[in-house]
Each structure stands twice: as structure tokens, then as C-alpha cells.
Amino acid sequence: MLRFTTLLLVLSGATLATDQETFRLSFGQKGLDWFETVVATMEDITKEIIMGGLVIDPMDLNGVEVTNLKMRDMELPKPELSIVPSKGYRLNSELTMVIDGDWSFGFLGGDLTVNTKLNLDAVAAVDADMKNSIFRTAAESCDVDFVSLEIDMKNEFLNTIAKGMVEDVKERIAGIVCKEVTTALDTSFNDLFQAIPHEVKLHLLTRDIVFGFGPDSNPVFSSDHVDVPCRVQAQSKIPFPFGPPRGISDSVDPEFIGCVLLSDHLVNSVSFLALGKGAIKENIPNKKFPIGSDLTNTAYFKKSLPQLYNAYPNKDVVYKISNLRYPKLEFERNLQKVDVPLRVLVQIDGATVINLKLSLKTRGHLNI
């Protein structure tokens, strides 16, 4: 198991969702709390996007025409995100807005300012669109609760009259806010997801590898965490020498922001493509075993392999090591098992005196 201070990487090879799942993103409330902080640090950017794209239609308030409405300023404190079990996630945020506009009633007219503070509560669902290979969001509900709303018509008498329009203005603003939220969840986010390429070419070690990815099934929203199952597969013209995916089974540790789970099928696919026969090469002497170290002289084998020493006394030794097959990985609970066959050539004066084939097998766990 690979553990990070804020991100947990778990490697597993069991089955839970479908047998096609090879990658899963899981996160709990701590992950949402972290994302809240990220959003809060982007307040200026968020304000610019909202204020630049918000369109407020003219209003008719009991014969008073209100036009040219534009948001002059807004405050967007740190939002609150939480999980809604079996449905999706909830966004709760307090908004403070200053809206300027013009009003007219018959031959009278002037400008006005609306100052309001409100609480936004929205719930969004997330489903897998298997046909288009994307996850889709959809607005489930949107509620606005006003903390305060004041209409300033720049005249004490008119402000008194404006108090009778407050409830109508609240209704209109609540509709505008929820319309923007619904549009973002139903359209804007999904357009963004659709624009993300479903294939990515990466250069890994020795060659370019194409990865295809998409959803495996609908996300699972439980009481304390969310699982987002995906299918990520390395593509190859050569058949893989192992069976199909076996799925993933594990859950996020609540002490971590989130975790990424990989199936052994995905890791072995990459290993097969990037680390095929001869891709791993190591020669000795090297930095770890420089010329002059014990291992690079036949004297090292004086007792363990006297035949070699007697045939080549005090001779320099060169080792050439290469893999005969891709490293095969298997994940078992918190253990990682690696099996890779190697060829080791022992050379003296440029001639191979020993040709070995051996299998390197390791089993253990790695903590970071």
C-alpha cells in the first residue's frame, strides 16, 4: 500500500463493481473539505466567471420596470460540500451580491441598487454515460434562503415604497441563481467532461502508449465516501499474455483525502508494453558497483566459485543484465508481488564465461 500524507494509493486485484473496472477514484469528506479550500483560494477567478457570465433579465414589479441589471460586486466565502448518500453531493454556500439597475414608472425613473445576502443549497447527481464514455452531472434540487435583501432607490420616500417589492425581488433573484446553478450542472460541466479526450498518448520509458478511459459504472455515494469506478486500458496491437480485468475491491481510509485504486491488469498492461524483453538493462561496473569494488574482480569468487577464479585469477568482471519478459505484478491485500525473469551474462576480457537465466521474485509492501 502506498500511503501519502494527504493522498492514498491502494493497489488491489479483487472484484467489486464490474470485471472491466481497472481504475477507481475514492474520496471521503476530508477530500471534499480539501476541495472546498481549493475553491476558496480561487475566489477572484470564480467571481470573474460568475459576474462576467450572469445575465439578469428585466423585471416588472407591480408596474415598476427594472432594467439594465448588472452585478457590481459579490462575495463568495468558502463553500461547504457534503455527500448525499445514494444520490450525489450537496453544495451549500453563502453569497453576498450587489446589483445595480434602472427603474421606471410612467414618466418617473432613476437608478437603484439591490444588496442581498443569501444561502444557496443545491444537490447534484452524477451518473455514468456509457454511450459517450463520460460522467454526467445533473441538478437534483436548488433552494435559496435569503438572509437579507435591501432595495436602495436613492430616495427615502421611494425606499419606503420599495419595501413592498422585496418579496417579488427575492423570488426573481432566487430564480436567477438557481437557473445559473442548474445550467452549470446540466450543461456547462457536461460540456467540459465531453471535451476531455477519451484517449491519451503518453511516453513511458521506452515507447509511446495509448490509454483509453471512461466510466465503468455509476459512482457510488455512501454515507462516508464516494467511489468513482473507471475503465482505463492500455491499448496494444499485440494480444496481452494474461486474462481480462478482474475488477477492484477496496475502500478509502477516512484518514486520507482520497485514494486511487489500480487493478493489476492495468499495471501489467503498461508493464507488458513498456518493459518487454530487453527493455530493462543494467551493466556492472556502474555507480553503485564501480571498477575496483569486490564484485568486479574474480577474487570475489575465490571461495564461492573457485573454478572461475582458478581459470581467471584476479581478472576484471563485467555483468550484463537484461529482462527476458515484462515484470509481472500481482496485488494481494497490502502486498505487491513482482516476478521478472532475467538473463545475466558474466564476461571477462569481452568473452562470456557464464550465461545465467534466473527469476527475480519479490514480495513486500511499500510505505511513503
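Cut-offs applied
- Residues numbered from 1 in each chain as written.
- Predicted model: local features only at pLDDT ≥ 70, side-chain atom pairs only at ≥ 80, totals over all residues.
- Heavy atoms only, no water.
- Helix = DSSP H or I, 4+ residues; strand = E, 2+ residues; numbered from the N terminus.
- Buried < 20%, exposed > 50% of the residue type's maximum accessible area, 1.4 Å probe, protein only.
- Contact = heavy atoms within 4.5 Å.
- pLDDT = per-residue confidence, 0-100.
- Lys, Arg positive; Asp, Glu negative; His and termini not counted.
- Salt bridge = Lys/Arg side-chain N within 4 Å of Asp/Glu carboxyl O.
- Disulfide = S-S within 2.5 Å.
- 1 Å grid on protein atoms, 1.4 Å probe; cavity = no way out; pocket = protein on both sides within 12 Å on 5 of 7 lines; lining within 4 Å.
- Points joined across faces, edges and corners; volume = space filled by probe spheres on them.
- Nonpolar A, V, L, I, M, F, W, Y, C, P; charged D, E, K, R; others polar.
- Phe/Tyr/Trp six-rings, centres within 6.5 Å; stacked < 30°, edge-to-face > 60°.
- Lys NZ or Arg CZ within 6 Å of the ring centre and 35° of its normal.
- Expected span 1.5 Å × (residues − 1).

Let's talk about the environment of A124
Line of reasoning, step 1. Along the chain, A124 falls in strand β8 (residues 108-129).
Line of reasoning, step 2. Residue class for A124 comes out buried when judged on its relative accessible area of 2%.
Line of reasoning, step 3. Between the C-alpha atom of A124 and that of I83, which follows or precedes it by 41 residues, the distance is 9.9 Å.
Line of reasoning, step 4. In contact with A124, other than residues within four places in its own chain, are K87, G88, Y89, A138, E140 and L185.

Notes on the confidence of the model for the chain
Line of reasoning, step 1. Residues at a pLDDT of 70 or more form 90% of the chain, whose mean pLDDT is 85.
Line of reasoning, step 2. For the chain, per-element mean pLDDT is lowest for strand β1 (residues 2-3), which scores 30, and highest for strand β16 (residues 318-323), which scores 96.

Points about the side chain of E36
Line of reasoning, step 1. Looking at the element boundaries, E36 is found in helix α1 (residues 29-41).
Line of reasoning, step 2. It turns out E36 is buried and unbridged, and the closest side chain with the opposite charge, K78, is 4.2 Å from it.
Line of reasoning, step 3. Ignoring any residue separated from it by four or fewer positions in sequence, one finds E36 in contact with Q29, K78, P79, E80 and L81.

Some details on the state of the cysteines
Line of reasoning, step 1. Under the criterion given, the structure shown has one disulfide.
Line of reasoning, step 2. A sulfur-sulfur separation of 2.2 Å characterises the disulfide bridge that pairs C142 with C178. Handedness of the C142-C178 disulfide follows from its S-S torsion of about -85 degrees: it is left-handed. On the criterion of sequence distance, the pair formed by C142 in strand β9 (residues 134-152) and C178 in helix α4 (residues 166-195) is long-range, its members being 36 residues apart. Exposure class is identical for C142 and C178. Each is buried.
Line of reasoning, step 3. Between C230, a free cysteine, and C259, which holds the nearest cysteine sulfur, the sulfur-to-sulfur gap is 12 Å.

Side note on the layout of surface pockets
Line of reasoning, step 1. Empty space within the second largest pocket amounts to approximately 290 Å³.
Line of reasoning, step 2. As for the second largest pocket, its lining consists of 14 residues, of which L204, L266, V267, V270 and S271 are closest to the centre.
Line of reasoning, step 3. Tallying contributions element by element places helix α5 (residues 264-274) first for the lining of the second largest pocket, with five residues.
Line of reasoning, step 4. The residue makeup of the lining of the second largest pocket, split by class, is 13 nonpolar, one polar and no charged.

Quick notes on the packing of aromatic side chains
Line of reasoning, step 1. Using the criterion set out here, one finds two aromatic pairs in the structure.
Line of reasoning, step 2. Between Y300 and F301 the ring centres are 5.2 Å apart and the planes differ by 90 degrees, which places this aromatic pair in the edge-to-face class.
Line of reasoning, step 3. F301 gets classed as buried once you look at its relative accessible area, which sits at 13%.
Line of reasoning, step 4. Between the NZ or CZ atom of R325 and the centre of the ring of Y326, over which it lies, the distance is 5.4 Å.

Points about α4
Line of reasoning, step 1. Helix length check: α4, at 30 residues, gives a terminal C-alpha distance of 42 Å against a target of 44 Å (1.5 Å per residue), a fit within 8%.
Line of reasoning, step 2. Those residues of α4 that fall on the buried side of the exposure criterion are V166, V169, I173, A174, I176, V177, C178, V181, L185 and N190.
Line of reasoning, step 3. Buried positions along α4 lie against β4 (59-61), β7 (88-105), β8, β9 and α3 (156-162).

Quick look at empty space enclosed by the protein
Line of reasoning, step 1. Going through the model one piece at a time under the given rule, you end up with two cavities of 30 Å³ or more.
Line of reasoning, step 2. In this structure, the largest cavity occupies an estimated 70 Å³ of space.
Line of reasoning, step 3. Every residue along the wall of the largest cavity is listed here: M59, L61, V66, L69, I99, L112, V114, I151, M165, V169 and I173.
Line of reasoning, step 4. Contributions of two or more residues to the lining of the largest cavity are made by β4, β5 (64-75), β8 and α4.
Line of reasoning, step 5. Residue classes in the lining of the largest cavity are distributed as eleven nonpolar, no polar and no charged.
Line of reasoning, step 6. Approximately 40 Å³ is the volume found for the second largest cavity.

Digging into the pattern of salt bridges
Line of reasoning, step 1. All chains considered together, the criterion is met by ten salt bridges.
Line of reasoning, step 2. For R90, the salt bridge identified is with D121, shortest N-O distance 3.1 Å. Here D121 lies in strand β8 and R90 lies in strand β7, a separation of 31 residues in the sequence.

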